[in-house]
Amino acid sequence: MSFYGLVDGSDSSLRNCLKQLPGVDQVGAEARAAMLATRSIKTTSKAWAIDTAISMVDLTTLEGADTPGKVQALCSKAFRPDPTDLAVPHVGAVCVYNDMVGIAREHLDSIGAQELPVAAVSTAFPSGRASMQVKLQDTEDAIVAGAAEIDMVIDRGAFLSGRLIEVFEEIVAIREVCGDRAHLKVILETGELVTLDNVRKASYLAMLAGADFIKTSTGKVAPAATAPVVLVMLEAVRDFYDLTKVRIGVKPAGGIRTTKDAIKQLVLVNETAGPEWLNPSLFRIGASALLNDLLMQRMKMSDGYYASPNYVTID
Amino acid sequence: MNFEYAAAPESRSVVKIDPVYGHFINGKWVNGSAHFNSINPATEEVLSSIALGSTADVDAAVKAARNAFDKSWSKLSGRERGKYLFRIARIMQERAREFAVLETLDNGKPIRESRDVDVPLAAAHFFYHAGWADKLEYAGVETTTTPHGVVGQIIPWNFPLLMLAWKVAPALATGNTVVLKPAETTSLTALLFAQVCQQAGLPDGVVNIVTGDGSTGSAIVNHPGIDKIAFTGSTEVGKLIARAVASTNKSLTLELGGKGANIVFGDAAIDETVEGIVNGIFFNQGHVCCAGSRLILQESIADEVLEKLKRRMDKIRVGDPLDKNTDLGAINSAEQLAKIRELTAAGEAEGAGRWSTNCVMPDKGFWFAPTIFTGVTQAHRIAREEIFGPVLSVLTFRTPAEAIEKANNTPFGLSAGIWSEKGSNILWATQQLRAGVIWANTFNKFDPTSPFGGYKESGWGREGGRHGLSAYLKGSAK
């Protein structure tokens, strides 16, 4: 098999390919991310950024205590984030555990939100500690239940111990299950990869294996989507496009709670990967609390004052 | 989708600019006899009328400084001097926004840089030297701990307030009094600093500020009542000053021009290297004596680095310096713009490949698009002369020895940069390079604790750190 003509699926070709990646200087990457965080986004550009960010949210609930009722409420909110203002765009997707996929899909269809995809966290999320058989079945179940996007986790243990081919083959196998039926997002769990060199290497590994999106984190491990990590991943998709003419998406998730955080992410995208990535098909933000802050800032921009949190729905 | 950043200008209401300024002599404002205009280089708007210091003005300032040295400043303990310096540093921090906006208006540099670099660093220099004032015996300097007396200081227009801090803070910490002349085009923050001296209750005459042009500077250099000259500026003027003081008892430190080599080895972390190249040459419009103005790339990665560099350069936001999102502001003066144009025209005439970004520049004011020249050889003027603008000359090398040879093949020796992921490579290269400041995997990083200065025609002496103290102290301790 050929993966973009860059590796042939063998251990040695994968190793050679990843070895050629330039290093990441942590101090320099942090400095660049910090500089971009000083961008001042005001007035019209802020209004645009808020709506764009809303359209990119993967509205997420990943709790053991999730109930069908909570998931249905989340779906309603995803489709009409502000029931009093229909100009607010719907979010990018609803992201839930496997067993909630059917409930979410059914509810979205019933409220006329057929175009809003359901994303399922799969492959023994969040730890990825299960047999291959279980992971494949987990993915298949989610797709059958109506998931159009699969958020899989990589085996960090294998990656960190240098068994890169195992991680690669696992992604390839899940990719095969997804086929044309579902988009594949690969969660690197950068908080466990620790170094930016690892983030770059894992990003390429996932892209080569067939990821449609690379995603920072499960949201269960801190630190999650830090600016330097997102910067390095955006550089990776930009450079991968130069090599292959294929655009891979990026999804930061975890720790992005405020409008300010979200706008900083958009600035990173704009000045690193470029404006082509400022699109829900290529950039998503995995979040739950963020949406309400975006809505409150949106109201503030139109009304001129901060409303009480009682004016946005809690779910 | 296009993410346009709406204008985000810093308000200029925080600064109050007088229509006319005099000199600050003996703690008072003294009217000048002649004046010249100071303009905002981004708009060509006249900001104020600045006094042109005459020989008589300089003489009055020197007398005031001598009097202050004899009667008050030299009588104070180090601890008392330190208290004044701490006070000045704190006031500078409190009035940071005022300083930043004024610097940007007068100099043309982006508010992001004056706010995040110039002003905080200037305050840091005062804090750092305030700490030394009562500890000179323990600084390990090879001089005595006796001050010279009256020092004459002439500073450039590229970092007006920061260069003032580099000069004034160590002079006062070591017990000297000061006659300072800011650059002709950028006097305003020095005049605001005079107000800070008043606010801090600094004894009259300890800091005197005489504004003016080259003739005023010459009057300072040639004044017999001055014990030491400290100059930052062009090598050309530095040589004139060295000649002028050669037959006198004056001490002299010079911080002059540069043609910094930024060497990129094949194993460098490319994305961060590209950031470092941009920071090295486009920081402060390239108006930086230690700018990394010669990029020396290893052949094996030259194409990749240049491609990424051009893409990154296209993101540089050129325009209103007061806009918080501006990366590259205005060229400081029409004269400097003419000099940049002359040298870049020479680069084209000599056959180097020119590439500039497609940025839209304002109609008024002095602007120059970020530019690189490829295919530059050692024989080109743009590889030898200091352009002092946003213009990068790119050369390539094959072996590390060739990189060093090219880097050192210049009359200057102020700064150099090395980009490599290999520690041994960095250590080897730093030993070979003839430059006073060498950065590894970073560029244009400044800190008051770190001595700064040049080899060869880039200057004499060091500023900052413990080494910088000795320049303001007399003789040898042995």
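Residues numbered from 1 in each chain as written. Chains lettered and ligands numbered in written order. Predicted model: local features only at pLDDT ≥ 70, side-chain atom pairs only at ≥ 80, totals over all residues.

### A closer look at the overall build of chain A
Rule in force here: In DSSP terms, a helix is any run of H or I states spanning at least four residues, a strand is any run of E spanning at least two, and both are numbered starting from the N terminus. Throughout, radius of gyration means the C-alpha value; the globule benchmark is 2.2 Å times the number of residues raised to the power 0.38. Residues are called buried when their C-beta atom has 20 or more other C-beta atoms within 10 Å, exposed when it has 12 or fewer, and partly exposed otherwise; all C-beta atoms are positioned from the backbone. C-beta atoms are first placed from the backbone for all residues, and any pair lying within 7 Å is then listed as a contact.
Per the secondary structure count, chain A includes 13 helices and eight strands. The globule rule puts the C-alpha radius of gyration for 315 residues at 20 Å, and the 19 Å found for chain A is close to it. A principal-axis box enclosing the C-alpha atoms of chain A has dimensions of 60 × 45 × 30 Å. Counting across all 315 residues of chain A, residues that qualify as buried make up 51%. In chain A, 76% of the contacts between residues at least 6 apart in sequence involve partners at least 24 apart.

### Notes on the packing of helix H3 (residues 96-107) of chain B against helix H4 (residues 111-132) of chain B
Residues and elements named next belong to chain B. Quick reminder of the rule: Angular values range over 0 to 180 degrees, each being the angle between N-to-C directions of two axes fitted as lines to C-alpha atoms, with helices fitted over their stretch in contact. An angle below 35 degrees is read as roughly parallel, one above 145 as roughly antiparallel, one from 65 to 115 as roughly perpendicular, and any other as oblique. Throughout, a crossing is termed right-handed when the near helix is turned clockwise from the far one, and left-handed when it is turned anticlockwise from it by less than a right angle. Three residue categories are used. Nonpolar comprises Ala, Val, Leu, Ile, Met, Phe, Trp, Tyr, Cys and Pro, charged comprises Asp, Glu, Lys and Arg, and polar comprises the others, including Gly.
It is at 9 Å that the axes of H3 and H4 come closest, and there the two elements cross at 125°. Between H3 and H4, the angle falls in the class oblique. In the crossing of H3 with H4, the sense of the turn from one axis to the other is right-handed. Of the residues in H4, those in contact with Ala96, Phe99, Ala100, Val101, Glu103 and Thr104 of H3 are Ile111, Ser114, Arg115, Asp118 and Val119. Looking at the contact of H3 with H4, its residues break down into six nonpolar, two polar and three charged.

### Here's the deal with the domain arrangement of chain B
Residue and element names in this part refer to chain B. Test applied: A domain assignment, automatic or from a database, supplies the domain bounds used here.
What the domain assignment lists for chain B is domain 1 (23-256 + 456-470) and domain 2 (261-440). Look at where the C-alpha atoms of domain 1 and domain 2 centre, and you get two points 30 Å apart. Counting residues at the interface gives 19 residues for domain 1 and 26 residues for domain 2. Looking at the side of domain 1 that touches domain 2, the elements with two or more residues in it are H3 and H4. At three residues, the largest contribution of residues to the side of domain 1 that touches domain 2 is made by H4.

### Observations concerning the sheet that holds strand S8 (residues 285-287) of chain A
All names here are of chain A. Note the cut-off: Two strands qualify as a pair provided that DSSP identifies no fewer than 2 bridges between them.
Judged by pairing direction, the sheet is parallel, and its eight strands sit side by side in the order S7-S6-S5-S4-S3-S2-S1-S8 without closing on themselves. Looking along the sheet, the strands with just one partner apiece sit at the ends: strand S7 (249-251) and S8. Neighbour to neighbour, the strand axes of the sheet diverge by 25° on average, direction disregarded. Bridging between strand S5 (residues 183-187) and strand S6 (residues 213-215) involves three bridges; their strand directions are parallel. Its bridge partner being in S6, Val186 is matched across the sheet by Ile214. Most of the contacts of helix H6 (residues 132-145) go to strand S3 (residues 118-122), to which it runs at about 165°, and overall it touches S3 and strand S4 (149-153).

### Thoughts on helix H1 (residues 55-71) of chain B
Here is the rule: To estimate the expected span of a helix, subtract one from its residue number and multiply by 1.5 Å.
Here H1(B) is 17 residues long and its end C-alpha atoms lie 24 Å apart, about the 24 Å a rise of 1.5 Å per residue gives. On its buried face, H1(B) is in contact with strand S1 (23-25), strand S5 (150-154), strand S6 (177-181), strand S7 (207-209) and helix H7 (214-221) of chain B.

### Quick notes on the nonpolar core
Heads up, the rule is: Buried Ala, Val, Leu, Ile, Met, Phe, Trp, Tyr and Cys residues whose C-beta atoms connect them within 7 Å together make up a nonpolar core.
If you look at the biggest cluster of nonpolar residues, it comprises 160 residues, and the most contacted ones within it are A:Ala53, A:Val94, A:Ala206 and B:Ile263. Top contributing element to this core by residue count: helix H11 (residues 227-244) of chain A, with 10 residues. Once residues lying within four places of it in the same chain are set aside, the contact partners of B:Ile263 are B:Ile296, B:Ala403, B:Ala407, B:Ala416, B:Gly417, B:Ile418, B:Trp419 and B:Ala429.

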